[in-house]
Amino acid sequence: MLKEEVMGKITYLINFPKEFDENKKYPVIIFLHGAGSRGESTEKLRTNPYFKICAKHKNFPFITVAPLCSENTWFDMFESLKELVYHILQSGYADSKRVYGIGVSMGGYGMWQLGMSLPNVFAAIVPICGGGMYWNAVRLKDTPVWAFHGGADECVKCSESRKMVDAVNKNGGNARLTVYPENAHDSWSDTYKNYEVFEWLLSNTKSDKSSDIKDIYNDSKKFG
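Residues numbered from 1 in each chain as written. Predicted model: local features only at pLDDT ≥ 70, side-chain atom pairs only at ≥ 80, totals over all residues. Heavy atoms only, no water.

**Regarding the state of the cysteines**
Step number 1: Counted by the stated rule, this structure contains 0 disulfides.
Step number 2: The closest cysteine sulfur to the non-disulfide-bonded Cys129 is located on Cys155, 7.8 Å from its own sulfur.
Step number 3: The buried category is assigned to Cys129, whose relative accessible area is 0%.
Step number 4: Cys129 provides the cysteine sulfur closest to Cys158, a residue in no disulfide bond, and the two sulfurs are 10 Å apart. (Disulfide = S-S within 2.5 Å. Buried < 20%, exposed > 50% of the residue type's maximum accessible area, 1.4 Å probe, protein only.)

**Some words on a nonpolar patch on the surface**
Step number 1: Residues Met133, Tyr134 and Trp135 make up a contiguous nonpolar surface patch of about 310 Å² in total accessible area.
Step number 2: Looking at the element boundaries, Tyr134 is found in the loop between strand S6 (124–128) and strand S7 (145–150).
Step number 3: On the accessibility criterion, Tyr134 (41% relative accessible area) is partly exposed. (Patch = residues over 30% accessible without salt bridge, like charges linked within 9 Å, V, L, I, M, F, W, Y side chains within 5 Å. Areas by Shrake-Rupley, 256 points an atom, 1.4 Å probe, with all protein chains shown as cover. Salt bridge = Lys/Arg side-chain N within 4 Å of Asp/Glu carboxyl O. Helix = DSSP H or I, 4+ residues; strand = E, 2+ residues; numbered from the N terminus.)

**Section: the pattern of salt bridges**
Step number 1: The final tally for this structure, using the stated rule, is 7 salt bridges.
Step number 2: Of the charged contacts in the structure, one is a salt bridge between Lys3 and Glu5, with a shortest N-O distance of 3.3 Å.
Step number 3: The class of Lys3 is partly exposed, set by a relative accessible area of 44%.

This is the structure:
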């Protein structure tokens, strides 16, 4: 059952696994929806394919936290989004070593950026049909990534995901890309249906050691 909560300026839905025990800690998925679920109400978000498809997985072990984008893009409310992630980390139910991110389309862009902005938070991320600032991908060198994209996507070109994955790996990271050759923009349904994706998430845990990430673009004469 989806429960609606509010933290600061952001409204979010939270879904607990069956037989949830408040005395235990659980793996958490931060889910960023696409542009189609934006608005002032969570009505569209409640019927998002993520929830409809994942509900069919038996014994789905994750707590899902799905914030609502009430602005034009996630970047218009990015600080609130980061505050929500920290809020969830401080909750009694979140296993801080098993916090994962999934984002689709507009949320795919948001998840690439959230992973780069909070490199010491996510144990792994799954950006779907998104893209990002590939020049900054060094910040994901310690965050496993499994990206997905439709080969026939005309809304967001597959090259967007490819550039990000290549940039992460070029900087010593661990990223892979799965392309559905015949899929257009909807590369999320097949991804949600594939339980191997969720098993892969669970196979990754965050180290207690903070990532040593250096900013290599801090010379204004070279980089503006």
